[in-house]
Amino acid sequence: MTYLTNNLKVSEKKFEMKNKATVAYIGTGHMGRPMIFKLLELGYPVQVYDKYPEAAKTVIEAGAVWCNSPQEVAQNADIVLTNLPLPHHVTENILGENGALNGMKTGSIWIDFSTSDYHNTKYIAGEAKKKGVYSLEAPVSNLSHMGVDFGNMSFYVSGDKEGFDASQEVLNDVGKISFFVMSKIGEAQAVKLLTNLLCYTAIVVLGEVLIIAKTCGIPLDWMWQFMKASQANSFAAEQISPFIFDGSYDNSCSLEIAAKDSDLTVKLAEEFNVPLPLGKIIEARYQQAGKTYKFSENYIIVTKLVEDENNLDLRIPGFIAPSPYGLNRNYVYSNEFVKDDFGRIKPYPYQFNYNRPEHKLQEPLEEIAQTLTELMAYINYLVLQESYKLGQKIGLSQDLLVKVIRWGCGSSWVSDNENSYQPNDRIVAKFKDYNFQQKVKTPTINKIISVLEK
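Each value, and the rule that gives it
Residues numbered from 1 in each chain as written. Predicted model: local features only at pLDDT ≥ 70, side-chain atom pairs only at ≥ 80, totals over all residues. Heavy atoms only, no water. Helix = DSSP H or I, 4+ residues; strand = E, 2+ residues; numbered from the N terminus. Rg over C-alpha atoms; globule rule 2.2 N^0.38 Å. Buried < 20%, exposed > 50% of the residue type's maximum accessible area, 1.4 Å probe, protein only. Contact = heavy atoms within 4.5 Å. Lys, Arg positive; Asp, Glu negative; His and termini not counted. Charge placed at Lys NZ, Arg CZ, Asp CG, Glu CD. Pairing = 2+ DSSP bridges. Axes fitted to C-alpha atoms, helices over the stretch in contact; angles between N-to-C directions. Polar contact = N/O pair within 3.5 Å; in protein donor to acceptor, adjacent residues only side chain to side chain. Parallel < 35°, antiparallel > 145°, perpendicular 65-115°, else oblique. Left-handed = near helix turned anticlockwise from the far one by under 90°. Nonpolar A, V, L, I, M, F, W, Y, C, P; charged D, E, K, R; others polar. Phe/Tyr/Trp six-rings, centres within 6.5 Å; stacked < 30°, edge-to-face > 60°.

Chemist: Please set out the overall build of the protein residue by residue, giving values where relevant.
Modeler: Summing up its helical and strand segments, the protein has 19 helices and 11 strands in all. Its C-alpha radius of gyration of 22 Å places the protein within 12% of the 22 Å reference for a compact globule of 454 residues. For the C-alpha atoms alone, the extent of the protein along its principal axes is close to 70 × 45 × 40 Å. Here the protein, with 454 residues, has 58% of them falling under the buried criterion. Sequence-distant contacts, at least 24 apart, represent 74% of the contacts inside the protein between residues at least 6 apart. Across the protein, the centroid of the 45 positively charged side chains sits 1 Å from that of the 52 negatively charged ones.

Chemist: Lay out the pairing of strand β8 (residues 154–159) in plain terms, naming residues and giving numbers.
Modeler: For β8, a buried count of 6 out of 6 residues is recorded, marking the element as mostly surrounded by other parts of the structure. Bridge analysis of strand β7 (residues 134–137) against β8 gives 2 bridges, and the strand direction is antiparallel. For L136, the partnering residue across the bridge sits in β8 and is G159. Of the strand pairs in this sheet, β8 and strand β9 (residues 177–182) are connected by 5 bridges, and their pairing is parallel. Considered in β9, the bridge of Y156 is made with F179.

Chemist: Talk me through the sheet that holds strand β2 (residues 23–26); I want residue IDs and the actual numbers.
Modeler: Taken in spatial order, the 8 strands line up as β4-β3-β2-β5-β6-β7-β8-β9 in an open sheet, and their pairing is mixed. At either end of the open sheet lies a strand with only one pairing partner, and these are β4 (65–66) and β9. Packing against the sheet, helix α1 (residues 32–41) makes contact with β2, β3 (46–49), β5 (79–82) and β8, and its axis sits at approximately 165° to β2. Running at roughly 155° to β9, helix α8 (residues 161–174) makes contact with β5, β6 (109–112), β7, β8 and β9 of the sheet.

Chemist: Summarise the side chain of N83; cite the residues concerned and give the values.
Modeler: Structurally, N83 can be placed in the loop between β5 and α4 (87–95). In terms of polar contacts, N83 uses its side chain to reach the side chain of Y25, at 3.0 Å.

Chemist: With reference to specific residues and values, describe the packing of helix α9 (residues 187–216) against helix α11 (residues 235–245).
Modeler: Taken N-terminus to C-terminus, the directions of α9 and α11 make an angle of 55°; their axes are 10 Å apart at the nearest point. Considered as vectors, α9 and α11 are oriented oblique to each other. When you trace α9 past α11, the crossing you get is right-handed. Of the residues in α11, those in contact with C199, A202, I203, L206 and L210 of α9 are F235, A236, A237, I240, S241, I244 and F245. Its residues placed into classes, the contact of α9 with α11 shows 11 nonpolar, 1 polar and no charged.

Chemist: Requested: an account of the packing of aromatic side chains, with residues and values cited.
Modeler: In this structure the tally under the stated criterion is 14 aromatic pairs. For the pair F245 and F319, a centre-to-centre distance of 5.6 Å together with 90° between the ring planes defines the contact as edge-to-face. You can see F245 sitting in helix α11 and its partner F319 sitting in the loop between α14 (304–309) and β10 (336–339), a full 74 residues away along the chain. For the pair F245 and F319, one class covers both residues: buried.

Structural data, given as structure tokens:
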């Protein structure tokens, strides 16, 4: 691991404006804006459109050119990028009455950064081909805003290889790395969905582990530090916990998108006849959250289900997540970063290696914490195997799966150290011996254990 001081918005590359492709960007939300800023800083001419003009205000101030419709924004563009919440939004913006395809020139490239239904993407690509337009799907890694803001963003790309070759420089400029997974349009969506499965599972389980810890009298800040120093550490344990502790539930993404993605994952597995026992439990939990709370709520609110079920909250008094997507929307990340052996980076206070809390708890609390983290690691391992099976079924090599998961899910002890991790199913019996269910409700973990016992 190395340490560095850097400003992610300043690139080391120098380009001549005349060599830059003209980029049209449709969708200037949480994900789109940082990418547009990066393109502008690198000298790309950028034209933008969004259903809500106020969402484009800051990028226009930075130099982007506003257009009044998808058709208008696509005119004279070499590459048209879409980054939109739901499948029907993509269809409307590309194929609608004033859709982008009407304005695109022969030989131009459409790249969809959205996580969409792959049948929908294939249909749009078929219509684009009639006009001589290349189509690529390049869903953004599940690091989400963490990838964008930290500089680790990766793309899984499928579609027209000629289009990928012509646009790879743009993709690698706006992100960290891009993987061409296969020529069949739609398969990149599948890759994104299997990485989503890992993250969403870790998030739901995290909430229930924290509620057990609180019920047992383990301080939440202590438990967080303990988790980060254990085999249970992951993107969720490290970077999602703060949004639970401050009650913001992460302002970067909506519950609607998470519920949509988890539903698409289960449907994809069913289509390819891949058993997804843990994935189905997690998908059901997100659908339950969608029925309990508004879809416009933040996606980490799925963890509030277990808070409400136990009439407890998981707040740490005075705690504020170190992120502009938490309670402090004006938070600015540190300029000091750490870099691991894979090339992924994080700003302080995040690290790649953590120490256990110096303060010791009375027994049996530390033993309970150890049991909880061992169970978290085991579940992370099991859902990783489900993701592998799904990826292999759609035709991805194991080597490629390892790479896209590593970049798509961020640092996770289990996936990063899979060769040395020794899964032990005895942790299930050890967990059950505590009889936590007598004093705390953890429906997701209970269902997972029931599946494992079968």
